[in-house]
Amino acid sequence: MDRISIRGGAPLKGEIPISGAKNAALPLMAACLLSEEPLTLTNVPKLADVVSMADLLGQLGVSADWRPGRTVGEGGRYVLTAAHLTGTTADYEIVRKMRASFLVAGPLVVRAGHAKVSLPGGCAIGARPVDLHLKALEALGAEVVLEEGYVIVAAPKGLKGARIEFPIVSVGATENTLMAAVLARGETVIENAAREPEIDDLGRCLIAMGAKISGLGTSRIIVQGVTSLHAAEHAVLPDRIETGTYAFAVAIAGGEVELTGTRAELIGAVIPMLEKVGVEIKETNRGLSVHRNGVRPISADANTAPFPGFPTDLQAQFMALMTTADGTSRIRETIFENRFMHVPELLRMGADIRIEGDTAIVTGVERLKGAPVMATDLRASSSLVLAGLAAEGETIINRVYHLDRGFERLEEKLSRVGAQIERQSA
Ligand code: EPZ
């Protein structure tokens, strides 16, 4: 199994191109199921999760034509054509590997009248049920039954628009409902919808395919159902979590890096946070420039929250930064109940962190120390990379497959700006 070795202490200098967003690409790919005509996606990141979604779509009868990007900064191009669906089942094997597979449920049931999708089961960061997805599909007229670990969703006569109010904000449930609603008869109103930029991106792609949607970017999305969607081309939006991760990398390692191909509004809550901890961040013609001189970062508190709040997907990386900051920081995780799995690994590197319920209390130390560490999920792994950049000596990160799910060419991007990082193949 591959591992990553990092020798900490080198400041970062240069330019990092930001890839297309994994969490936008996955629902966009599922959206191809809504039309017989091709959906062309550009700026698609080459990631293990994208390959898993393409495999799943292949099993459903979608033909996929992939052209990789030629440079680190250029995303790939997918032409996905769901002219004839040959199946409506998403197997346990694929769903257990990648929960986003559940996003095919809405498009399949509204296009084919039937979907059989494995229940995802447990997850390293929390229970993550899919009850809200299912309640919304039921509200749209689908019949939902559970059989041998699979959810069977049936609507042989199609779906009918409805008013759906989510009790909590859910990105995935909003996406599944939106995709089902675009081909449902009549009007659907989604209240307390998620406002993450990935929802906006999906909505804009669906509009390009002929859907009628208003209220994107607000918590009330209104959809007027249409009878069919057509071919379209759409560029996946830049990855805000990758953007934030590399901004925190500069904050912890020091130096000056331009993050190209990204936009400030995607990381709204992160910019004031960087300024608070003493990092300079400004917009440039090509993206964002992040700069920290030799001075130690200052501690700050963070509470994760749905967009536009501080993202849970950056909590672990921010915690890595706080382990070396001057002072004590309180980091509260409000979205997932078990998203502190990086803490014991950071402790092995000499961090001072105490957990009290949903809050981690981090007291900064002068210097972390390199160690062999292991990660349990994607964002936790990236926090260990950040810690490794600042640590004295060598850090070895095992289970690199977690990183490959969501960070395109991570070691190449970091080594190009001066980090001493390499992948070691076992
Ligand atoms: C998306 O997951 C992202 N994944 C996650 O990124 C991200 O952490 C999360 O949104 C929150 O921003 C993708 O976009 C593919 P939710 P999702 O439904 O949609 C509860 C990463 O590292 N809930 O918004 O699954 C749930 O348990 C990943 O890239 C229910 O109770 O998240 C959680 O507490 C990790 N019932 C809260 O809602 C449901 O039916 C928010 O989850 C659905 C969710």
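Use the structure listed above.
**Here we look at the nonpolar core**
And then number 1: One finds Leu-57, Val-104 and Leu-206 to be the most contacted residues of the largest nonpolar core, which totals 80 residues.
And then number 2: If you tally residues by element for this core, the top one is helix H1 (residues 22-30), at six residues.
And then number 3: Residues in contact with Val-104, not counting those within four places in the same chain, are Ala-30, Leu-33, Met-53, Leu-56, Leu-57, Leu-60, Ala-90 and Val-117.
And then number 4: In terms of nonpolar packing, the next biggest core, distinct from the first, is built from 68 residues, Val-362, Leu-378, Ala-390 and Leu-403 among them.

**Quick look at the site of the ligand**
And then number 1: Close to the ligand lie 22 residues, the nearest being Asp-131, Ser-170, Asp-313, Ile-335 and Arg-379.
And then number 2: The separation between a nitrogen atom of the ligand and a polar side-chain atom of Asp-131 is 2.7 Å.
And then number 3: Side-chain polar atom of Arg-379 to an oxygen atom of the ligand: 2.7 Å apart, as the coordinates give it.
And then number 4: When isolated, the ligand has an accessible area of 830 Å², and the protein chains bury 85% of it.
And then number 5: When contributions to the shell around the ligand are tallied by element, the ones reaching two or more residues are H1, helix H5 (131-139), helix H6 (171-181) and helix H12 (378-390).
And then number 6: Ranked by residues supplied to the shell around the ligand, first place goes to H5 with three residues.
And then number 7: Tallied by class, residues from the shell around the ligand come to eleven nonpolar, five polar and six charged.

Analysis parameters
- Residues numbered from 1 in each chain as written.
- Predicted model: local features only at pLDDT ≥ 70, side-chain atom pairs only at ≥ 80, totals over all residues.
- Heavy atoms only, no water.
- Core = buried A, V, L, I, M, F, W, Y, C linked by side-chain atoms within 4.5 Å.
- Buried < 20%, exposed > 50% of the residue type's maximum accessible area, 1.4 Å probe, protein only.
- Helix = DSSP H or I, 4+ residues; strand = E, 2+ residues; numbered from the N terminus.
- Contact = heavy atoms within 4.5 Å.
- Near = heavy atom within 4 Å.
- Polar contact = N/O pair within 3.5 Å; in protein donor to acceptor, adjacent residues only side chain to side chain.
- Areas by Shrake-Rupley, 256 points an atom, 1.4 Å probe, with all protein chains shown as cover.
- Nonpolar A, V, L, I, M, F, W, Y, C, P; charged D, E, K, R; others polar.

By themselves, these are just geometric observations and shouldn't be taken as functional.
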